[in-house]
Amino acid sequence: MKPAPFNYIVPTSIDEALALLEEHAPDARLLAGGQSLVPMMNFRLSRPSHLIDLNCIPDLAFIQDNKDHISIGAMTRERTIEESSLVRSSIPLLYEATRHIAHLPIRSRGTIGGSISNADPAAEYPAALLTLDGEMVVRSKQGKRQIKASDFFKGIMETAIEPNELLVEIIVPKVPPGTGFAFVEISRRHGDYALAGIAAQMTLSGKTVTNVRLAACGVGPCPIRLNDAEKQIIDDGLTEKSIQSAAKAAALEVDPETDLHATADYRRRLTAVLTQQALLKAKERAQENN
Amino acid sequence: MDEQSISLTVNGTEQNGEAEPRMSLADFLRERLGLTGTHIGCEHGVCGVCTVICDGMAVRSCLMFAVQADKKEIRTIEGLADGDTMHPLQTLFSEQRALQCGFCTPGMLMTAVDLVDNNPSITPPEIKAGMSAVLCRCTGYEGILKAVEAYAKQIKGV
Ligand SMILES: Cc1cc2nc3c(=O)[nH]c(=O)nc-3n(C[C@H](O)[C@H](O)[C@H](O)COP(=O)(O)OP(=O)(O)OC[C@H]3O[C@@H](n4cnc5c(N)ncnc54)[C@H](O)[C@@H]3O)c2cc1C
Ligand code: FES
Ligand code: FES
């Protein structure tokens with residue numbers, strides 16, 4: 001047995017979980033898929049006094065089709081998202097991002113809520129949600145807040161969630177017609193966290209780019225929206241030259257660090273190359289959908 | 001911490017047992033049920049040798065607590081063969097020399113069963129990506145991929 005002892009509690013409703021959180025925060029931890037938390041507990045980097053298991057709250061696991069958006073419950077498994085035809089047709093970028101997360105047996109347990117709350121700098125979902133303009137719904141005993149992805153990710157494994165709050169739902173706008181997308185990344189081995197990754201989504205009306213959004217993961221403390229790169233495409237349209245300028249701009253606006261796996265310079269190079277790849281792939285798909 | 005009672009189905013047989021909340025499912029299977037076919041390597045989700053099937057899906061048993069397996073259906077390497085008749089995938093592993101020391105083999109087999117049985121139209125590149133979920137330090141993977149590809153063909157009936 002590797003983790004330190006803890007009190008194990010299994011609420012069956014959101015209200016019950018919120019009451020437990022209020023009572024035991026900040027020493028309690030919520031257990032979602034356990035694919036990040038349990039390794040940390042096994043290393044004893046995390047030693048919660050109480051472990052509140054969210055796996056028996058049916059109201060937290062759903063994928064719902066609403067008029068202009070999809071709602072996804074925090075406890076929805078990564079594997080369920082990967083297998084959802086609704087996700088694939090309405091928000092395909094999220095599907096493609098999921099395929100890059102770890103391996104199938106990890107996606108069988110890992111949840112979207114866990115991944116977003118954990119906010120690993122290299123995780124795919126945070127960058128995808130920034131690109132998709134997603135919003136997170138968090139609840140506490142005191143009430144409910146809705147936070148835009150752009151205000152949600154604060155730093156390395158740091159989010160806007162307060163210790164007494166529970167992430168309950170993720171809201172993702174459906175993509176308009178004529179939209180193309182791409183999630184591309186480089187990792188050392190298939191299934192590893194990315195050295196760098198780029199999420200792209202663009203909407204074309206004929207040849208005109210009406211919208212383009214880009215975000216990067218693995219190259220900063222949290223996902224980074226690539227505003228300067230987007231501007232190159234909006235200002236100059238989709239040409240070979242503007243795509244190259246966007247790639248250059250992207251490399252300058254990320255904030256990578258050197259670690260065991262790659263140097264900061266190499267990560268900047270990857271950012272440029274991946275931005276170019278993502279834009280070309282998204283363009284091709286947008287043209288197919290036009 | 002006190003032990004809690006759990007009741008789960010393992011390889012078709014109902015099992016009752018006691019586990020401290022911090023005991024992993026892998027430790028429970030090995031130490032409490034004597035099912036030592038499920039191996040333990042890294043205990044942080046990376047190596048895959050502890051992979052078992054829980055309610056039809058492959059999972060890392062080092063990252064699930066035994067108490068979370070209460071009322072669940074678990075399938076381990078011990079549940080693959082039918083008496084003395086090996087599971088088709090086990091036969092193919094043997095024919096294709098898909099193992100040397102055998103340490104990774106239980107995880108490889110349970111991962112492959114999930115990949116193929118739940119997606120019979122799986123392609124060779126998808127098999128290659130899928131089997132990278134388990135680390136093998138001996139074989140170089142060629143035999144493993146051949147065995148899983150052959151199994152996928154059998155399941156598809158071609
Ligand atoms: C070998 C391996 C490789 C991996 N590779 C990748 C990868 O390439 N990309 C990637 O993105 N991820 C990767 N992961 C992580 C995986 O995606 C995790 O599933 C995910 O990061 C955490 O989700 P979880 O549901 O398992 O959360 P848990 O591990 O249960 O929880 C993570 C954290 O979030 C908190 N939390 C969980 N749910 C909530 C909630 N609803 N509200 C508030 N707080 C909450 C927990 O308290 C905990 O602090 C990998 C994991 C492993 C083991
Ligand atoms: S022991 Fe479970 S993944 Fe290594
Ligand atoms: S056969 Fe030895 S580790 Fe795979």
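What counts and what doesn't
Within every chain, residues take consecutive numbers counted from 1 along the sequence as written. Each chain takes a letter, starting from A, and each ligand takes a number, starting from 1, following the order in which they are written. Given that this is a predicted model, residues contribute local features only at a pLDDT of at least 70 and side-chain atom pairs are listed and counted only at 80 or more, while totals for whole chains, interfaces and linings are drawn from all residues. Where side-chain values are given, they derive from all heavy atoms of the structure, hydrogens and water being excluded. Throughout, near means a residue has at least one heavy atom within 4 Å of the molecule or strand. In the analysis that follows, any N or O atom pair within 3.5 Å is treated as a polar contact, provided that within protein one partner can donate a hydrogen and the other can accept it, and provided that, for residues neighboring in sequence, both atoms belong to side chains. Accessible areas in this description were obtained via Shrake-Rupley with a 1.4 Å probe; residue shielding takes into account the shown protein chains only. By definition, any uninterrupted DSSP run of H or I lasting at least four residues is a helix, any uninterrupted run of E lasting at least two residues is a strand, and each is numbered from the N terminus. Note on definitions: angles span 0 to 180 degrees between N-to-C directions of axes, and those axes are lines fitted to C-alpha atoms, for helices only across the stretch in contact. In what follows, roughly perpendicular refers to angles from 65 to 115 degrees, roughly parallel to angles under 35, roughly antiparallel to angles over 145, and oblique to any angle outside these ranges. Note: crossing handedness is left-handed where the near helix turns anticlockwise from the far helix by less than a right angle, and right-handed where it turns clockwise. The contact definition used throughout considers only heavy atoms, calling two residues in contact when any of these lie within 4.5 Å. Three classes are used: nonpolar for Ala, Val, Leu, Ile, Met, Phe, Trp, Tyr, Cys and Pro, charged for Asp, Glu, Lys and Arg, and polar for all others, with Gly counted as polar. Each of two parts loses accessible area, computed with a 1.4 Å probe, when they are put together; buried area is these two losses added. For this analysis, a salt bridge means a side-chain nitrogen from Lys or Arg found within 4 Å of a carboxyl oxygen belonging to Asp or Glu. We call a set of buried residues a nonpolar core when its members are Ala, Val, Leu, Ile, Met, Phe, Trp, Tyr or Cys and they connect through side-chain atoms within 4.5 Å of each other. Each residue gets one of three labels from its accessible area relative to the maximum for its type: buried under 20%, exposed over 50%, partly exposed in between, using a 1.4 Å probe on protein chains only. Reported domain spans reflect what an automatic or database domain assignment gives. Directions from the helix axis toward the C-beta atoms define the arc. Strands are treated as partners if at least two bridges between them are detected by DSSP.

Visitor: Could you clarify how one ought to interpret the site of ligand 1 in this entry?
Guide: Lining the immediate environment of ligand 1, one finds 32 residues, of which Leu30(A), Gly34(A), Leu37(A), Thr111(A) and Glu124(A) sit closest. Those residues lying near ligand 1 are distributed over chains A and B. The contact in question runs from an oxygen atom of ligand 1 to an N or O atom on the backbone of Gly33(A), over 2.8 Å. One nitrogen or oxygen atom from the side chain of Glu78(A) is found 3.0 Å from an oxygen atom belonging to ligand 1. Here ligand 1, which alone exposes 980 Å², has 94% of that area covered by the protein. For the shell around ligand 1, the secondary-structure elements that each account for two or more residues are β2 (28–31), α7 (112–118) and β10 (166–173) of chain A. Counting residues per element, the shell around ligand 1 draws most heavily on α7(A), at 4 residues.

Visitor: I keep staring at the packing of helix α10 (residues 227–236) of chain A against helix α11 (residues 240–253) of chain A and nothing clicks. Help me out?
Guide: When two helices pack together, their arrangement is given by the angle between the helix axes and the distance between those axes. All names here are of chain A. Two elements in contact, α10 and α11, have axes whose closest approach is 7 Å; the angle formed by their N-to-C orientations is 160°. Looking at the two axes, α10 sits roughly antiparallel to α11. The element α10 and its partner α11 pack so that their crossing is right-handed. Contacts between α10 and α11 involve Asn-227, Asp-228, Ala-229, Gln-232, Ile-233 and Asp-236 on the former and, on the latter, Ser-242, Ile-243, Ser-245, Ala-246, Ala-249, Ala-250 and Glu-253. When grouped by side-chain class, the residues that make up the contact of α10 with α11 number 6 nonpolar, 4 polar and 3 charged.

Visitor: Honestly, the interface of chain B and chain A in this entry has me stumped. Any pointers?
Guide: Interface size is commonly expressed as the accessible area that is lost once the parts come together. Between chain B and chain A, the residue contacts involve 29 residues of the former and 30 residues of the latter. Roughly 2,500 Å² of surface becomes buried between chain B and chain A when both sides are summed, with 63% attributable to carbon and sulfur atoms. Taken as a group, Arg22(B), Leu63(B) and Phe65(B) account for 27% of the area that chain B buries against chain A, more than any other trio of residues on that side. Where chain B meets chain A, there are 2 salt bridges. The salt bridge involving Glu43(B) is made with Lys2(A); its shortest N-O contact spans 3.7 Å. In this assembly, chain B and chain A are joined by 5 residue pairs in polar contact (both at pLDDT 80 or more). Counting residues per element, the ones that place at least two in the side of chain B that touches chain A are β4 (57–60), α3 (105–117) and α4 (124–131) of chain B. In terms of residues, the side of chain B that touches chain A owes the most to one element, β4(B), which gives 4 residues.

Visitor: Any chance you could explain the nonpolar core here in plain terms?
Guide: In a soluble, globular protein the nonpolar side chains are often hidden away together inside. Residues and elements named next belong to chain A. Core analysis: the biggest nonpolar cluster contains 39 residues, and Leu-94, Ile-116, Met-136 and Phe-152 have the highest contact counts within it. Take this core: its biggest share by element is 6 residues, from helix α8 (residues 124–132). Counting contributing residues, this core receives three or more from each of domain 2 (58–173) and domain 3 (179–289). Once residues within four sequence positions are removed from consideration, Leu-94 is found in contact with Ile-72, Ile-81, Val-87, Ile-112, Tyr-125, Ala-128 and Leu-132.

Visitor: For this particular structure, what's the right way to read the environment of Gly110(A)?
Guide: Residues and elements named next belong to chain A. If you trace the backbone, Gly-110 turns up in the loop between α6 (104–107) and α7. Note: C-alpha distance between Gly-110 and Glu-78 (32 residues apart in sequence) is 5.7 Å. Look past the residues within four positions of Gly-110 in its chain and what remains in contact with it is Gly-33, Gln-35, Thr-76, Arg-77 and Glu-78.

Visitor: Please explain the packing of helix α2 (residues 88–95) of chain B against α3(B) as it appears in this structure.
Guide: Residue and element names in this part refer to chain B. Where α2 meets α3, the axes come as close as 11 Å, and the angle between the chain directions of the two elements is 125°. Put simply, α2 runs oblique to α3. The crossing of α2 and α3 is right-handed. Residues Leu-89, Gln-90 and Phe-93 of α2 lie in contact with α3, whose contacting residues are Thr-105, Met-108, Leu-109, Ala-112 and Val-113. Of the residues belonging to the contact of α2 with α3, the class tally is 6 nonpolar, 2 polar and no charged.

Visitor: Would you take a moment to explain unusual backbone geometry for this structure?
Guide: A negative phi angle characterises most non-glycine residues, just as the trans form characterises most peptide bonds. Cis geometry marks the peptide bond from Ala25(A) to Pro26(A), where omega comes out at 0°. With respect to the helices, strands and loops of the structure, Pro26(A) is situated in the loop between α1 (14–24) and β2. Positioned with a positive phi, Ala102(A) is a non-glycine residue whose angle comes to about 40°. Judged by its relative accessible area of 16%, Ala102(A) falls in the buried class. Here the phi dihedral of Asp55(B) falls at roughly 45°; this positive angle occurs in a residue that is not glycine. Take Asp55(B): it is sitting in the loop between β3 (51–54) and β4. For Asp55(B), a relative accessible area of 43% translates into the label partly exposed.

Visitor: Please explain α1(A) as it appears in this structure.
Guide: Since there are 3.6 residues in each turn of an α-helix, residues three or four apart along the chain are aligned in direction. All names here are of chain A. Within the sequence span of α1, burial applies to Ile-14, Ala-17, Leu-18, Leu-20, Leu-21 and His-24. Along the axis of α1, the buried residues cluster in a sector spanning 165°; they form a single face. Relative to its buried face, α1 has exposed residues pointing more than 90 degrees away, namely Asp-15 and Glu-23. Contacts made by the buried residues of α1 are with β1 (7–9), β2, β3 (50–53), β6 (135–140) and β10.

Visitor: Where do I start with the sheet that holds β4(B) in this structure?
Guide: Sheets are built from strands that pair by backbone hydrogen bonding, the pairs being arranged parallel or antiparallel. All names here are of chain B. Overall, mixed pairing links the 5 strands, which are arranged β2-β1-β5-β3-β4 in an open sheet. Two strands close off the open sheet at either side, each with one partner strand: β2 (13–19) and β4. The mean inter-strand angle of the sheet, taken between neighbouring strand axes irrespective of direction, is 40°. Summarising the sheet, β3 and strand β5 (residues 73–75) pair through 2 bridges and their orientation is antiparallel. Bridge pairing in β5 places Ile-53 opposite Arg-75. Where helix α1 (residues 25–32) meets the sheet, its contacts fall on β1 (4–10), β2, β3 and β5, and the angle it forms with β2 comes to roughly 105°.

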